Amino acid sequence: MTEATPVTGVEPFTEVHDRYFPAVYRYVAGRLGAQTAEDVAAETFLVAYDRRKTFDAGRGEVRAWLFGIATNLVSRHRRKEARHYRALARIEVPRPVEGHENRVVMSGQLGKALSRLTSGERDVLLLVALADLGYAEVAEALGISPGTVGSRLTRARKKLAPVLSPEATDE
């Protein structure tokens, strides 16, 4: 199925679901956790199926459209997401010896830092990091300009830099 294929019939929509569900699920799981991800990812495709006749390939690709729907559904769970990151920040877990990345995540610092980003910054950062979308796709998904994507991503990275630096996890 090509990106320009209309999403109007059951058969093409089945192809859309089969092709994109794993990526949407991974993105949502990264935002809300595995338990909620199954429901939100399924709801994403239910909404997309209900709106399939309004999809306009001239305005963007199916992938970005689906991630836009998923991000809107995630926004309904934002309070829960922020609580999740605050809870991660409170967890005291022994620091593993291996890898800088593990020390950052396990220490709770990353969760706290993510909870301090604006919702727009968090959406852009996590669409790039978890969904592997490019600037243009993030812009399509969120209905913003690529320039706004770039500026939000830059602000998010600057806010996270102190947490991600090697010195942040040294004892």
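See the structure shown above.
My aim in this report is to walk through the structure given alongside it, one point at a time. All of these numbers come straight from a predicted model, not from anything done at the bench.

### Focus: the nonpolar core
With 43 residues, the main nonpolar core has Val24, Tyr27, Val28, Phe45, Leu66, Phe67 and Leu127 as its most contacted residues. Of all the elements in the fold, those that place two or more residues in this core are helix H1 (10-32), helix H2 (34-50), helix H3 (62-76), helix H6 (109-116), helix H7 (119-129), helix H8 (135-142) and helix H9 (146-164). By residue number, the principal contributor to this core is H1, which donates nine residues. Contacts of Leu127, omitting those with residues within four sequence positions, involve Tyr27, Phe67, Thr71, Asp132, Leu133, Val138, Ala141 and Leu142.

### Points about the environment of Val124
Turning to its location among the elements, Val124 is positioned in helix H7. Among the residues examined, Val124 registers a relative accessible area of 0% and is labelled buried. Through-space distance from the C-alpha of Val124 to that of Val138 is 6.7 Å; in sequence the pair is 14 residues apart. When sequence neighbours within four positions are dropped, the list of residues in contact with Val124 reads Val138, Leu142, Ile144, Val149, Arg152 and Leu153.

### Details of the packing of H7 against H8
Orientation of H7 relative to H8, taken along the N-to-C sense of each, is 130°, at an axis distance of 10 Å. The orientation of H7 with respect to H8, classified from their angle, is oblique. In this structure, H7 crosses over H8, and the sense of that crossing is right-handed. Contact residues: Asp123, Val124, Leu127 and Val128 in H7; Val138, Ala141 and Leu142 in H8. Classifying every residue of the contact of H7 with H8 by side-chain character gives six nonpolar, no polar and one charged.

About the thresholds
Residues numbered from 1 in each chain as written. Predicted model: local features only at pLDDT ≥ 70, side-chain atom pairs only at ≥ 80, totals over all residues. Heavy atoms only, no water. Core = buried A, V, L, I, M, F, W, Y, C linked by side-chain atoms within 4.5 Å. Buried < 20%, exposed > 50% of the residue type's maximum accessible area, 1.4 Å probe, protein only. Helix = DSSP H or I, 4+ residues; strand = E, 2+ residues; numbered from the N terminus. Contact = heavy atoms within 4.5 Å. Axes fitted to C-alpha atoms, helices over the stretch in contact; angles between N-to-C directions. Parallel < 35°, antiparallel > 145°, perpendicular 65-115°, else oblique. Left-handed = near helix turned anticlockwise from the far one by under 90°. Nonpolar A, V, L, I, M, F, W, Y, C, P; charged D, E, K, R; others polar.

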